[in-house]
Amino acid sequence: MTEEGRSADEVLDIVDAEDRVVGQRPRGEVYARGLRHRSTAIQVRDAEGRIFVHRRTPTKLIFPSMYDVVVGGVVGEGEEYDAAALREAEEELGVSGLPTPERRLKFLFGTAEHSWFLTVYEVVCTLPVRPQAEEVAWWDWMAPDELERALPGWDVVPDGLECHRRLRLLREGRT
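Residues numbered from 1 in each chain as written. Predicted model: local features only at pLDDT ≥ 70, side-chain atom pairs only at ≥ 80, totals over all residues. Heavy atoms only, no water.

Engineer: Could you give me a rundown of the overall build of the protein chain, with the residues and numbers involved?
Structural biologist: In terms of regular secondary structure, the protein chain is built from 5 helices and 9 strands. Listing each helix as α and each strand as β along the protein chain from the N terminus yields α-β-β-α-β-β-β-β-α-β-β-β-α-α. Taken over the C-alpha trace, the protein chain has a radius of gyration of 15 Å; the compact-globule value for 175 residues is 16 Å, and the two agree within 12%. Reported as C-alpha extents along the three principal axes, the dimensions of the protein chain are approximately 40 × 40 × 35 Å. Relative to its full complement of 175 residues, the protein chain shows a buried share of 49%. Counting contacts in the protein chain only where the partners sit at least 6 residues apart, residues at least 24 apart contribute 62% of the total. Approximately 8500 Å² of the protein chain is accessible, and the part contributed by carbon and sulfur atoms is 49%. If you average the places of the 23 positive and of the 33 negative side-chain charges in the protein chain, the two averages end up 4 Å apart. (Helix = DSSP H or I, 4+ residues; strand = E, 2+ residues; numbered from the N terminus. Rg over C-alpha atoms; globule rule 2.2 N^0.38 Å. Buried < 20%, exposed > 50% of the residue type's maximum accessible area, 1.4 Å probe, protein only. Contact = heavy atoms within 4.5 Å. Areas by Shrake-Rupley, 256 points an atom, 1.4 Å probe, with all protein chains shown as cover. Lys, Arg positive; Asp, Glu negative; His and termini not counted. Charge placed at Lys NZ, Arg CZ, Asp CG, Glu CD.)

Engineer: Which residues make up the pattern of salt bridges, and what values go with them?
Structural biologist: Two side chains bearing opposite charge may form a pair once their charged atoms approach each other closely. Considering all chains together, one arrives at 20 salt bridges under this definition. Across the pair glutamate 102 and arginine 104 runs a salt bridge, and its minimum N-O distance is 2.9 Å. Given a relative accessible area of 34%, arginine 104 falls into the partly exposed group. Across the pair glutamate 122 and arginine 104 runs a salt bridge, and its minimum N-O distance is 2.6 Å. (Salt bridge = Lys/Arg side-chain N within 4 Å of Asp/Glu carboxyl O.)

Engineer: Quick rundown of the pairing of strand β2 (residues 21–26)? Include the residues and the values.
Structural biologist: Where strand β1 (residues 11–15) lies against β2, 5 bridges are found, and the strand directions are antiparallel. Bridge assignment links isoleucine 14 to a residue of β2, and that residue is glycine 23. Two successive antiparallel strands, β1 and β2, enclose a turn made up of 5 residues, where aspartate 19 displays a positive phi of approximately 65 degrees. (Pairing = 2+ DSSP bridges.)

Engineer: Account for helix α5 (residues 158–171), with residues named and values stated.
Structural biologist: Look at α5: 20 Å from first C-alpha to last across 14 residues, which is about the 20 Å you get at 1.5 Å a residue. Among all positions in α5, only Asp159, Gly160, Glu162, Cys163, His164, Leu167 and Leu169 are buried. Tucked into the core, α5 has its buried residues touching β3 (37–45), β4 (51–56), β5 (67–68), β7 (102–110), β8 (115–124) and α4 (144–150). Of the residues flanking the end of α5, it is glycine 173, one or two places downstream, whose phi is positive at about 75 degrees. (Expected span 1.5 Å × (residues − 1).)

Engineer: Could you give an account of the environment of leucine 108, naming the residues involved and the relevant values?
Structural biologist: Residue placement: leucine 108 occurs in strand β7. The class for leucine 108 is partly exposed, based on a relative accessible area of 43%. It is 24 Å that separates the C-alpha atoms of leucine 108 and phenylalanine 52, two residues lying 56 residues apart in sequence. Excluding anything up to four places from it in sequence, leucine 108 contacts Arg36, Ser115, Trp116 and Phe117.

As structure tokens, this is what we get:
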């Protein structure tokens, strides 16, 4: 089975406007029907403070081939946000033994097609990364100022861009 097929079959919790579980559905149906669910986003920095950036593979169910400034993904059925954040970060970075990501904020992300609660984390990774080929087509570490200059020219995943914006405001004390 392809990565896309496995992802479409994964069961997710459906949540209400208060982030309470009200049911479960396969991921493919969740995306097709725009059902509200849970997701995590983790901004990863290296020991020098550079931010991990990447381009998603073309096989991703949503936002294929777009750049992203966070790693993460959906929270599985019955899974807690914190556990999902660590799992997703380790999977996408191709590492084991990552420190527990630190929770920074939570918000409801939505577009005309999508809706999910997004819990945002930060983590410092000092391990050598080997990004998952099924998830990451290209990657690099970028200094924050270098990233800010690059972002206007990139087609960036909208929720990742919003996470980046909110984390920047939080660091600047402007939340």
